[in-house]
Amino acid sequence: KNQVEQSPQSLIILEGKNCTLQCNYTVSPFSNLRWYKQDTGRGPVSLTIMTFSENTKSNGRYTATLDADTKQSSLHITASQLSDSASYICVVSEGTSGTYKYIFGTGTRLKVLA
Amino acid sequence: DGGITQSPKYLFRKEGQNVTLSCEQNLNHDAMYWYRQDPGQGLRLIYYSQIVNDFQKGDIAEGYSVSREKKESFPLTVTSAQKNPTAFYLCASSIGTSGIREQFFGPGTRLTVL
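In this text, all values refer to a predicted model and were calculated from it rather than measured experimentally.

All names here are of chain A. Sheet architecture is open: 5 strands sit in the order S1-S3-S8-S7-S6, paired in antiparallel fashion. Because the sheet does not close on itself, it has two edges, and the strands there are strand S1 (4-7) and strand S6 (56-59). Averaged over all neighbouring strand pairs, the angle between strand axes comes to 15 degrees, with direction disregarded. When strand S3 (residues 19-25) meets strand S8 (residues 72-77), the two strands line up antiparallel, connected through 6 bridges.

Put into structure tokens, the structure is as follows:
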């Protein structure tokens, strides 16, 4: 069964600290993996997208890594800010072309405290 | 929110009533999607459409209906047959359904059944 599991479920850190969120998947065949940031009551916004040939992708203070062999991805947030408080969702696309399947993780809820 | 608008932001419905959620995009995207988001669960696909006048059921289509008469619009009707409609509904679009096909999400509509 295709699944995407994220950990931790929730996380609280102090402003200025770094943190790493984890995503493990069992989706096959794998097409690409993306991380989204979702503020409360808003739609998700894309942070990074990686195909199987990419093992790292950065977007400002956000750096995603992908290990296609172990089927793991991580999202590292550097020097956290209060505005980073949100849910972070890992999404894996199934198939190589012509399919609609996106498998969503349940998200990690991050709270950054002053 | 990437050129996708959803209305209304909040919607209240009495049991037994049908309601229609609006989704419009000006990104010239061919594909559009409707998802449902419930607390503690990943996004679940209700319906998707790859081109005008064509749409396909997703994983949880029962109790929902859609139409795609225009490229820009993909309204979702929640019918009285949907047993537990209270949820956050997200519309998304992508330039296609193959390749990277990054999805852009709207701001969402929160539906509450009274």
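More follows now that the structure is in view.
Moving on to the pairing of strand S7 (residues 62-67) of chain A. All names here are of chain A. Residues of S7 alternate between two faces, with Tyr62, Ala64 and Leu66 buried on one and Thr63, Thr65 and Asp67 left unburied on the opposite face. Relative to S7, S6 runs antiparallel, the two sharing 4 bridges. Across the sheet, Lys57 pairs through a bridge with Ala64, a residue of S7. Between S6 and S7, which follow one another and run antiparallel, lie 2 residues, and Gly60 among them has a positive phi close to 65 degrees. The sheet contact formed by S7 and S8 spans 6 bridges and is antiparallel. Its bridge partner lying in S8, Thr65 is registered against Ser74.

With that settled, the discussion passes to the packing of aromatic side chains. The description of an aromatic ring pair uses the distance of the two centres, along with the angle that the planes make with each other. What the rule picks out here adds up to 11 aromatic pairs over all chains. Each ring, one from Tyr36 of chain A and one from Phe105 of chain B, has its centre 5.4 Å from the other, and the planes form 90 degrees; the classification is edge-to-face. Note that Tyr36 of chain A is positioned in strand S4 (residues 30-38) and Phe105 of chain B in strand S10 (residues 104-105), a pairing that runs across two chains. Relative accessible area serves as the criterion here: at 1%, Tyr36 of chain A is assigned to the buried category. On the accessibility criterion, Phe105 of chain B (3% relative accessible area) is buried. Look at Tyr33 of chain B and Tyr48 of chain B: their rings are 6.5 Å apart centre to centre, the planes differ by 20 degrees, and that puts the pair in the stacked class. Note that Tyr33 of chain B is positioned in strand S4 (residues 31-37) and Tyr48 of chain B in strand S5 (residues 44-51), a separation of 15 residues in sequence. This pair shows no difference in class: Tyr33 of chain B is buried, exactly as Tyr48 of chain B is. Joined through ring pairs, the aromatic side chains of Tyr36, Tyr102 and Phe104 of chain A together with Tyr33, Tyr35, Tyr48 and Phe105 of chain B make up one cluster. Its end group placed over the ring of Tyr62 of chain A, Arg61 of chain A keeps NZ or CZ at 5.7 Å from the ring centre.

Further remarks concern the nonpolar core. Ranked by size, the top nonpolar core spans 24 residues in total, and within it Val4, Tyr25, Leu33, Trp35, Leu75, Tyr88 and Val92 of chain A carry the most contacts. For this core, the elements supplying multiple residues, two or more each, are S3, S4, strand S5 (45-51), S7, S8, strand S9 (86-94) and strand S11 (108-113) of chain A. Apart from residues no more than four positions distant in its own chain, Tyr25 of chain A is found in contact with Gln3, Val4, Phe30, Leu33, Leu66, Asp67, Ala68, Lys71, Gln72 and Val92 of chain A. Counting residues in each nonpolar core, the second largest holds 19 residues, with Ala61, Val66, Leu76 and Cys91 of chain B among its members.

Geometrically, the link from Ser7 of chain A to Pro8 of chain A is a cis peptide bond, its omega value of -10 degrees lying close to zero. As for its placement among the helices and strands, Pro8 of chain A is situated in the loop between S1 and strand S2 (10-14). Omega for the bond connecting Ser28 of chain A with Pro29 of chain A falls within 30 degrees of zero, at -5 degrees, which places this linkage in the cis form. Structurally, Pro29 of chain A can be placed in the loop between S3 and S4. Positive phi, normally seen in glycine, also occurs at Asn28 of chain B, with a value near 60 degrees. By the element assignment, Asn28 of chain B lies in the loop between strand S3 (19-25) and S4. At Asn53 of chain B, a position not held by glycine, the phi torsion is positive, near 65 degrees.

Approximately 500 Å³ is the volume found for the largest pocket. Lining of the largest pocket is provided by 23 residues; of these, Ser87 and Arg109 of chain A together with Gln37, Pro39 and Gly40 of chain B occupy positions nearest its centre. Elements that contribute at least two residues to the lining of the largest pocket include exactly S9 and S11 of chain A together with strand S9 (87-94) of chain B. Around the second largest pocket, the lining comprises 20 residues; the ones closest to its centre are Asn2, Gln3, Ile103 and Phe104 of chain A together with Leu43 of chain B. Elements that contribute at least two residues to the lining of the second largest pocket include exactly S1 and strand S10 (102-104) of chain A together with S5 of chain B. Here the lining of the second largest pocket is built from residues that sort into 8 nonpolar, 6 polar and 6 charged.

Reading guide: rules and limits
Each chain carries its own residue numbering, running from 1 in the direction its sequence is written. Both sets of labels track the order of writing: A upward for chains, 1 upward for ligands. Two thresholds apply to this predicted model, a pLDDT of at least 70 for residue-level local features and 80 or more for giving and counting side-chain atom pairs, whereas whole-chain, interface and lining totals are computed over all residues. The basis for every side-chain value is the complete set of heavy atoms in the structure, and neither hydrogens nor water enter the calculation. When DSSP finds at least two bridges between two strands, those strands are taken to pair. Numbering of helices and strands runs from the N terminus; a helix is a DSSP stretch of H or I covering at least four residues, while a strand is a stretch of E covering at least two. Where helices are involved, their axes are fitted lines through C-alpha atoms of the stretch in contact, as for all axes, and angles between N-to-C directions lie from 0 to 180°. Relative accessibility thresholds used throughout: buried, under 20% of the residue-type maximum; exposed, over 50%; partly exposed, between the two (1.4 Å probe, protein chains only). Two aromatic rings from Phe, Tyr or Trp, using only the six-membered ring of Trp, form a pair when their centres are within 6.5 Å; if the ring planes differ by under 30 degrees the pair is stacked, by over 60 it is edge-to-face, and anything between is tilted. Charge over a ring is defined by NZ of Lys or CZ of Arg lying within 6 Å of the ring centre and within 35 degrees of the ring normal. We call a set of buried residues a nonpolar core when its members are Ala, Val, Leu, Ile, Met, Phe, Trp, Tyr or Cys and they connect through side-chain atoms within 4.5 Å of each other. In what follows, a contact means two residues having at least one pair of non-hydrogen atoms within 4.5 Å. Note on definitions: the grid is 1 Å and covers protein atoms alone; a cavity is a set of points where a 1.4 Å probe fits but cannot get out; a pocket is an open set with protein on both sides within 12 Å along at least five of seven lines; lining residues have an atom within 4 Å of a point. Grid points are joined across faces, edges and corners, and a volume is the space filled by probe spheres set on the points. Each residue gets one label: Ala, Val, Leu, Ile, Met, Phe, Trp, Tyr, Cys and Pro are nonpolar, Asp, Glu, Lys and Arg are charged, and the others, such as Gly, are polar.

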